[in-house]
Amino acid sequence: MGSLGISAFAVKPVFALENKMVKPVLLSTWDAGIAANKPAWEILKNKGRALDAVENGVMVTEASQNCCVGLGANPDRDGFVTLDASIMDEFGNCGSVAFLERIKHPVSVARRVMEKTPHVLLVGEGAQKFAVSEGFPLEPAELSEDAKKSYRDWLKQSRYQPVINIENKQHGPFAPSQINGEWNHDTIGMIALDMNGNLSGSCTTSGMGFKMRGRVGDSPIIGAGLYVDNEIGAAVSTGVGEEVIKICGTHLVVEFMRQGMTPEEACKKAVERIVKRNGAKAKDIQVAFIAINKQGEYGGYSIQKGFNYALCTPAINNQLINPKYLF
Ligand code: SD4
């Protein structure tokens, strides 16, 4: 014990952590993360800023017509695609948009909210108006062909029943997907540690397919779908957003890391919290977290089998990882 009664081991010297640091490191949710990681990794490899990496990375997914994220995705129950996104930088600055329609790159609008307004979150008509004033084009309101088909199918029963988010290609056959039988998730989250040792994160989604009009999930809620603390780590989530919001999921993961847990342990603890709250109902819920800490350690955990994330490190060249799960 030192003279203040503090154990010599209680506080880790910063230089020891610095020595252990692995960088850059990049993680993103689901297999769409493989394509999204490519431009993000180029930025990180070239000593770019983590913030630029996580924005440019998820823009690939937002632009993809045949994907679960962005304007090509499933509509709400009234037949409109409404998008949520958030971004957070190494200074703790953050911006987000929710219930945004007809804009291709919500993550970039979220960044403008962060950088150009005194606010954190803009929604709906106001968010769209801001986007247009910033030069983002208003895209046609029409649904993609896949989304039209799945909406027609959904209308037959008009039942809102979130299916467990699973990567079918890897783990099928499972519950029917909402489009194409290929996937049934709607979000990409990305977190990065850059060569300067700084962290940032982004998250962008069309939300749960066939949600009520006006429904907003966890992805644009700072501390729920995304959280970054440059002293500690970053985390992002996917799955049933309502459950993530109820436990302030990604903030919880970062706080667990602050207490000394590894990223994987922290993600596990957070999904356990959701399971505990839900009892027997938890078997029908999917939530997953991925996290990274200041030393470049990373990990993920999900409630159900079937979640994966795409990983780049100096030693790992954009690989899909199947993390552990509870059930
Ligand atoms: C939401 N968390 O809006 C998102 C949905 C999701 O894969 O992650 N789907 O609740």
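Look up a bit, the structure's there.
A brief structural summary. Quantities reported herein were computed from a predicted structural model and do not represent experimental measurements.

1. A short note on the sheet that holds strand E4 (residues 121-123)
For step 1, the next point in the chain: With mixed pairing, eight strands are arranged side by side in an open sheet as E4-E3-E2-E6-E5-E1-E11-E12. With one partner strand each, in any of the chains shown, E4 and strand E12 (319-321) form the two edges of the open sheet. Sheet twist, expressed as the mean angle between neighbouring strand axes with direction ignored, is 15°.
For step 2, the next point in the chain: In this structure, strand E5 (residues 187-193) lies alongside strand E6 (residues 199-205), joined through seven bridges in antiparallel fashion. The residue of E6 that forms the bridge with Met190 is Ser202.

2. Thoughts on the pattern of salt bridges
For step 1, the next point in the chain: Per the stated rule, a full pass over the model turns up 22 salt bridges.
For step 2, the next point in the chain: Residue Arg258 is joined to Glu255 by a salt bridge in which the shortest nitrogen-to-oxygen separation is 2.8 Å. Linking Arg258 with Glu255, this pair stays in helix H9 (residues 249-258), spanning three residues, or about one helical turn.
For step 3, the next point in the chain: With relative accessibility at 38%, the residue Arg258 sits in the partly exposed group.
For step 4, the next point in the chain: Judged by relative accessible area, Glu255 falls into the partly exposed class, the value being 23%.
For step 5, the next point in the chain: With a closest N to O distance of 3.5 Å, Asp284 and Lys283 form a salt bridge.

3. A look at the sheet that holds strand E10 (residues 298-302)
Hydrogen bonds along the backbone pair up the strands of a sheet, which may run parallel or antiparallel.
For step 1, the next point in the chain: Across the sheet, which stays open at both edges, the four strands sit in the order E7-E8-E9-E10 with antiparallel pairing between neighbours. Of all strands in the sheet, those bounded by a partner on one side alone are strand E7 (226-229) and E10. Strand after strand, the sheet turns through a mean of 10° between neighbouring axes, direction not considered.
For step 2, the next point in the chain: With seven bridges joining them, strand E8 (residues 233-239) and strand E9 (residues 287-293) adopt antiparallel strand pairing.

4. Structural notes on the packing of helix H2 (residues 32-45) against helix H3 (residues 50-63)
For step 1, the next point in the chain: Between H2 and H3, whose axes approach to 7 Å, the crossing angle comes to 150°. It follows from the interaxial angle that H2 and H3 lie roughly antiparallel. As for how H2 packs across H3, the hand of that crossing is right-handed. Seen from H2, the contacting residues are Ala32, Ala35, Ala36, Pro39, Ala40, Ile43 and Leu44; seen from H3, they are Ala50, Asp52, Ala53, Asn56, Gly57, Val58, Val60 and Thr61.
For step 2, the next point in the chain: Among the residues making up the contact of H2 with H3, the classes are represented as 11 nonpolar, three polar and one charged.

5. A closer look at the nonpolar core
Generally speaking, nonpolar side chains in soluble globular proteins are found buried as a group.
For step 1, the next point in the chain: Counting 47 residues, the largest nonpolar core has Leu27, Ile191, Val253, Phe289 and Ile292 as the members making the most contacts within it.
For step 2, the next point in the chain: The next biggest cluster of nonpolar side chains, apart from the first, holds 33 residues, and it includes Ala36, Val54, Val58 and Ile188.

6. Some points on the side chain of Arg111
For step 1, the next point in the chain: Mapped onto the secondary structure, Arg111 falls in helix H4 (residues 106-116).
For step 2, the next point in the chain: Owing to a relative accessible area of 12%, Arg111 belongs among the buried residues under this scheme.
For step 3, the next point in the chain: With sequence-adjacent residues up to four places away left out, Arg111 is seen in contact with Arg49, Leu51, Asp52, Glu55 and Ile87.

7. Describing the packing of aromatic side chains
For step 1, the next point in the chain: Under the counting rule described, the total for this entry stands at five aromatic pairs.
For step 2, the next point in the chain: Here the aromatic rings of Tyr151 and Trp154 are separated by 6.2 Å at their centres, their planes lie at 10°, and the arrangement is stacked. Of this pair, Tyr151 and Trp154 both sit in helix H6 (residues 145-157), three residues apart, roughly one helical turn. For the residue pair Tyr151 and Trp154, the accessibility class agrees, reading buried in each case.
For step 3, the next point in the chain: Through successive ring pairs, a cluster of aromatic residues spans Trp30, Phe307 and Tyr309.

Calculation notes
Residues numbered from 1 in each chain as written. Predicted model: local features only at pLDDT ≥ 70, side-chain atom pairs only at ≥ 80, totals over all residues. Heavy atoms only, no water. Pairing = 2+ DSSP bridges. Helix = DSSP H or I, 4+ residues; strand = E, 2+ residues; numbered from the N terminus. Axes fitted to C-alpha atoms, helices over the stretch in contact; angles between N-to-C directions. Salt bridge = Lys/Arg side-chain N within 4 Å of Asp/Glu carboxyl O. Buried < 20%, exposed > 50% of the residue type's maximum accessible area, 1.4 Å probe, protein only. Parallel < 35°, antiparallel > 145°, perpendicular 65-115°, else oblique. Left-handed = near helix turned anticlockwise from the far one by under 90°. Contact = heavy atoms within 4.5 Å. Nonpolar A, V, L, I, M, F, W, Y, C, P; charged D, E, K, R; others polar. Core = buried A, V, L, I, M, F, W, Y, C linked by side-chain atoms within 4.5 Å. Phe/Tyr/Trp six-rings, centres within 6.5 Å; stacked < 30°, edge-to-face > 60°.

Treat this as a map of the structure, not an account of what it does.
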